[in-house]
Amino acid sequence: MAGSVNKVILIGNLGRDPEVRYLESGVGVARFSIATSESYTDKNTGERREITDWHNIVMWRGLAKIAETYLKKGMKVYIEGKLKTRSWQDENNQTRYSTEVVADEMTMLSRAEQGSANQENYPSSVENKPVQPMNTDIGKDPEDDLPF
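Residues numbered from 1 in each chain as written. Predicted model: local features only at pLDDT ≥ 70, side-chain atom pairs only at ≥ 80, totals over all residues. Heavy atoms only, no water.

It is worth spelling out the nonpolar core at this point. In this structure, Phe 32, Ile 34, Ile 57, Met 59, Leu 71, Ile 79 and Met 106 are the most contacted members of the largest nonpolar core, which totals 22 residues. Going through the elements one at a time, strand 1 (8–14), strand 3 (28–41), strand 4 (48–60), helix 1 (61–70), strand 5 (76–89) and strand 6 (95–108) are the ones with two or more residues in this core. No other element matches the 5 residues that helix 1 contributes to this core. Here Ile 79 is in contact with Val 8, Ile 9, Leu 10, Phe 32, Ile 34, Ile 57, Met 59, Val 101, Ala 103, Glu 105 and Met 106, once residues within four sequence places are set aside. (Core = buried A, V, L, I, M, F, W, Y, C linked by side-chain atoms within 4.5 Å. Buried < 20%, exposed > 50% of the residue type's maximum accessible area, 1.4 Å probe, protein only. Helix = DSSP H or I, 4+ residues; strand = E, 2+ residues; numbered from the N terminus. Contact = heavy atoms within 4.5 Å.)

If you want it as structure tokens, here you go:
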């Protein structure tokens with residue numbers, strides 16, 4: 001059995017458009033956040049409550065290019081990756097930490113609301129591999145095909 005596992009799976013909505021930068025070597029890196037929510041009923045009041053967590057996502061190379069081209073604020077995405085923690089010294093010489101999800105697979109679960117270029121041709125699922133064609137049944141109610 002393996003000594004350890006570092007695997008993260010998230011489904012959430014983009015909180016902002018991806019910020020993409022390119023290193024001198026030409027390698028792209030995209031950064032954005034996604035929100036995941038869970039609901040529960042407050043035992044004392046009976047009210048429905050929702051808790052939202054924000055996750056910092058980092059994508060490299062081909063995934064960064066896909067993020068730059070197709071991802072927009074509000075879209076729902078499936079992300080697979082691993083947790084990475086970075087540290088650095090701030091201007092007061094204090095050590096700061098940031099934990100991020102470094103994505104190695106992403107599936108778009110919704111389209112941007114309006115006006116995204118090439119929207120008809122965007123891929124639905126990508127990894128750090130060649131892009132797969134879009135599944136045209138996304139968003140279609142599977143019960144619509146039932147004979148009863």
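Once that is clear, we can look at the side chain of Asp 42. Relative to the assigned elements, Asp 42 resides in the loop between strand 3 and strand 4. Polar side-chain contacts of Asp 42 include one of 2.7 Å to the backbone nitrogen of Asn 44. Reaching out from Asp 42, the side chain makes a polar contact with the backbone nitrogen of Thr 45 at a distance of 3.1 Å. What Asp 42 contacts, discounting residues up to four positions off in sequence, is Glu 47 and Arg 49. (Polar contact = N/O pair within 3.5 Å; in protein donor to acceptor, adjacent residues only side chain to side chain.)

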